[in-house]
Amino acid sequence: MIKKSAERIYLFLIFLFLYLPILVLIVLSFNDSKAKVVWGGFTVRWYKELFSNTAIMEAFSTTIFVSLASALLATILGTLAALGIDAMKKRGRTIMLGATNIPLLNADIVTGISMMLLFVRFTRLGLSTVLIAHITFNIPYVILNVLPKLKQSSRTTYEAALDLGATPLYAFYKITWPQILPGVLSGFLMAMTMSLDDFSVTYFTKGAGINTLSTIIYTEMRKGIRPEMYALSTILFLIALILLLFINFRPAVRRERQD
Amino acid sequence: MKKTLLLLLTTLAVFSLFQGCGKEDPNTLTILNYGKYIEPEVLDKFEAETGIKVEYEEYITPENMYTKYKAGAIDYDLICTSDYMIEKLIGENEVLELNFDQIPLVKNLDSSYFEFSKSFDPENKYTIPYFFGTVGILYNREIVDESKVNSWQILWDDTYSGKIIMADSVRDSFMVAEKLLGYSLNTTEDDKLRAAQQLLIEQKPLVYSYLVDEAQDEMIAENAAMAVVYSGEAGLALEYNDNLAFSVPKEGSNMWIDSWFMPKSARHTENAEKFLNFLCREDIAALNFDYVYYATPNMKVKESLDEELQENTTIFPPQEILNNCEVLKSLDDEAAMRYNLYWKEIKSAD
Amino acid sequence: MRNLKRQFLAGPYILWMAGFILLPTLMILYYAFTSTSGDFSLLNVTSITFSVHFKSLMLSLKLALICTVICLILSYPLAMILNNLKTKSQGLIVFIFILPMWMNFMLRILAWRLLLSNNGVINSVLGFIGLPGLDILNTPTAVVFCMVYDFLPFMVLPVYNAMARIQPDIIEAAKDLGAGNLTIFFRIILPLTMSGVISGIIMVFVPALTSFAISDLLGGGKVLLIGNVIEQAFMQEYNWNLGSGLSVVLMVFVIASMALMNSHGDEGGGTFA
């Protein structure tokens, strides 16, 4: 009994630790006093200012675009790569996996800087450089999500299909694809999460006037207190909440989990 | 169905990727400026009036600007920065001459600031002054002994331990120590630099934080007792919190002037000149002044202000203070490297 | 034959890697071993022995270690509790930890600044109940706080995943054979979750070691980590050779500690399953 309540208290404290800062941001976003952390009355002023701030709104759409596009392209490249790697012999596979781990283990700052050095030498920095950089650090997450599913997928069924005269593409689509789909989806989701959350790599590879939310918040924070940022936090939190609820509790996933 | 959707999204993404890096829109203007140094509405108005798309980028310290420019990865058309950095870039042959025929409204600016600019732009060929001011101490009258703020020494007073904000910029922080020691703020003599460094290391335990643009808000929020800030920052802070005041210490300080110039990388020089002319326009300069709140060289704007504001010595430093101030000169590479290294040593000191 | 064809599917990825991982790494090595005038030089790499650089590396190591240990201590019992809850949807737990991550990294730092500042939320509450305030903003403590906050999910999720994979039958069997709770923990649970722990350590330690934004925004310019030194070399001093040199040192450091980690565990792939 004591153990049980100790566990409950521990859980509660951790959740408090995780969500208290967010709660503070949400409360302050409705606070009508800029300078101090004192309640100065209820207001939606910061939301109005946020929506009229074109720079932040632009950064918002850039962030959505970059994270969706990079996750998507990384998923395609990564899934293909996983299929290829899966077909390799042990040695090739080890080398490929080792190389795949580099951007994963490398410090963000080193990844960002090394890419900057490359881009500066050969091209101009712009939106495309950010996208390329994001795809690069996203691919490993996809590969590492898809490979285990490929290993689990039943080889014999696929080969049986081929023996029965199915084309490789058809056999893949009918047999392998449904089995690796959950891995592909979670790879996509993970890639998107990483891309949404990235600061360092974007910071070093972005061009003039291009900002993701991370970089614009960084510059705004270096300028002092910006209550619009609290409003932004609240909105992002709500979006994340809705999206994640949607992703996690779709009927499709539930069905998959039951098997 | 899922596959079609995926395919559609992919095509879309690939398409926009190539569109992004493919063609170059000629009607743009890429600007690099200090943080918080322009009224965002000015940019919107400029875009609306001229149809030129502004790509606006910010930096924090002049050294930061220098790197961003020198990296060469972005072709800036117009940059605003401080005197000594412009001098350095002119010396490196990185600045383009302005065509003043395209900037007729420059007549709105007080010519005495062009005289002043000659210290870094001897023939007034390259730059247009934007704002100017000094560096001083912004302090909270409720906490700080006002009889002592006329000296930089107060920044070493341990009664204010943990309540002092220093400038997070190499030259500005060294300036404070150098002035307190009675040196020139352009000194490159090693023993003097070391002495200044020693002083700054001694000060570190008392420092709440090293900040640039955030110092103002920290002071308004009363998270600290005093801060080394630019005069304009102080002017704005005074509007928000009545307890605050500003002083330029008697040992002297730095007078700076921030100006616009076109770097060699400029590819839209006509747009840049259009923008400069736009900035000099009275209504725009006034709008901008209200936001930035630094001393403006635009006399039309200054004349239109009410008397009280014109005589505000925080924003418009009086002559006797300016006489006691020095202008930063650019350092050679070797001296700059030493300043940087010594600064890093201060930052990593315990 | 079929397999050979399938191997080609990795082609685009190999090309991509060559272009955007290998080439940039070569660039960084090139800059690291040349002086500003382009001659061969070891100075950039050896400059890690300069007291200011070495000190910042040591501070980074210290903070990263503290952060990793705190995360581990917090996560392990947490993962056990969560696993015992036997919630119907495992998704919910992952969900709770991923949710803060979807709210921007920078905003989480901002939140801590608000909580910790002199007149911030925590001090207001402490003042209200008559306790003295905490002065930890702009100190290494604040930086560690925020690192733990930011990186905790990276530890909880792999540890939890590893734990959830343990078949209950194994534990039942051990119990039937008379093993006590401690024995079960040390002989079964701990070894079986080791891969998750190692993934977690890597996922926390590396970003903590190399972060520069957190110390920038919560350290008040007083906490100089190796990430800050590198960032400054690139963004303030325009000394890319120095920045690259130190990056190479950092890279070697990270790889070495990873190798050390992996030699202590089996295949550490537990994070992503």
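Residues numbered from 1 in each chain as written. Chains lettered and ligands numbered in written order. Predicted model: local features only at pLDDT ≥ 70, side-chain atom pairs only at ≥ 80, totals over all residues. Heavy atoms only, no water.

S.K.: Let's hear about the interface of chain A and chain C: which residues, and what values?
M.R.: In this complex, chain A contributes 90 residues to the contact, which on the side of chain C involves 81 residues. Between chain A and chain C, the buried area comes to about 8000 Å², and carbon and sulfur atoms account for 78% of it. On the chain A side of the contact with chain C, F17, L117 and M221 of chain A bury the most area, a combined 9% of that side's loss. Between the two partners, chain A and chain C, sit two salt bridges. Close ionic contact of D197 of chain A with R108 of chain C constitutes a salt bridge, the shortest N to O distance being 3.3 Å. The interface formed by chain A and chain C holds 13 residue pairs in polar contact (both at pLDDT 80 or more) in total. Broken down by element, the residue count for the side of chain A that touches chain C peaks at 15 residues, all from helix 1 (residues 2-28) of chain A. Residue composition of the side of chain A that touches chain C, by class: 68 nonpolar, eleven polar and eleven charged. (Contact = heavy atoms within 4.5 Å. Buried area = accessible area lost by both parts, 1.4 Å probe. Salt bridge = Lys/Arg side-chain N within 4 Å of Asp/Glu carboxyl O. Polar contact = N/O pair within 3.5 Å; in protein donor to acceptor, adjacent residues only side chain to side chain. Helix = DSSP H or I, 4+ residues; strand = E, 2+ residues; numbered from the N terminus. Nonpolar A, V, L, I, M, F, W, Y, C, P; charged D, E, K, R; others polar.)

S.K.: Just give me the short version of the confidence of the model for chain C, but keep the residues and values in it.
M.R.: Low pLDDT means the predicted coordinates in that region are not meant to be read closely. For chain C, the mean per-residue pLDDT works out to 86, and 93% of the residues sit at or above 70. Considering only residues more than four positions removed or in separate chains, one finds that residues 266-273 of chain C, a stretch of pLDDT under 50, has 19 contacts. (pLDDT = per-residue confidence, 0-100.)

S.K.: Describe a negative patch on the surface, with residues and values.
M.R.: Side chains of E239, D306, E307, E308 and E311 of chain B sit close together on the surface and give a patch of like negative charge. With respect to the element layout, E239 of chain B can be found in helix 9 (residues 231-240). (Patch = residues over 30% accessible without salt bridge, like charges linked within 9 Å, V, L, I, M, F, W, Y side chains within 5 Å. Areas by Shrake-Rupley, 256 points an atom, 1.4 Å probe, with all protein chains shown as cover. Lys, Arg positive; Asp, Glu negative; His and termini not counted. Charge placed at Lys NZ, Arg CZ, Asp CG, Glu CD.)

S.K.: Can you tell me about the nonpolar core, naming the residues and giving the values?
M.R.: Side chains that are nonpolar tend, in soluble globular proteins, to be buried together. Counting residues in each nonpolar core, the largest one holds 303 residues, and the members touching the most others are L155, F174 and F275 of chain B together with F97 of chain C. The greatest single-element share of this core, amounting to 16 residues, is contributed by helix 8 (residues 140-165) of chain C. Setting aside its immediate chain neighbours within four residues, F97 of chain C contacts I14, F15 and L18 of chain A together with L78, L82, P153, V156 and L157 of chain C. (Core = buried A, V, L, I, M, F, W, Y, C linked by side-chain atoms within 4.5 Å. Buried < 20%, exposed > 50% of the residue type's maximum accessible area, 1.4 Å probe, protein only.)

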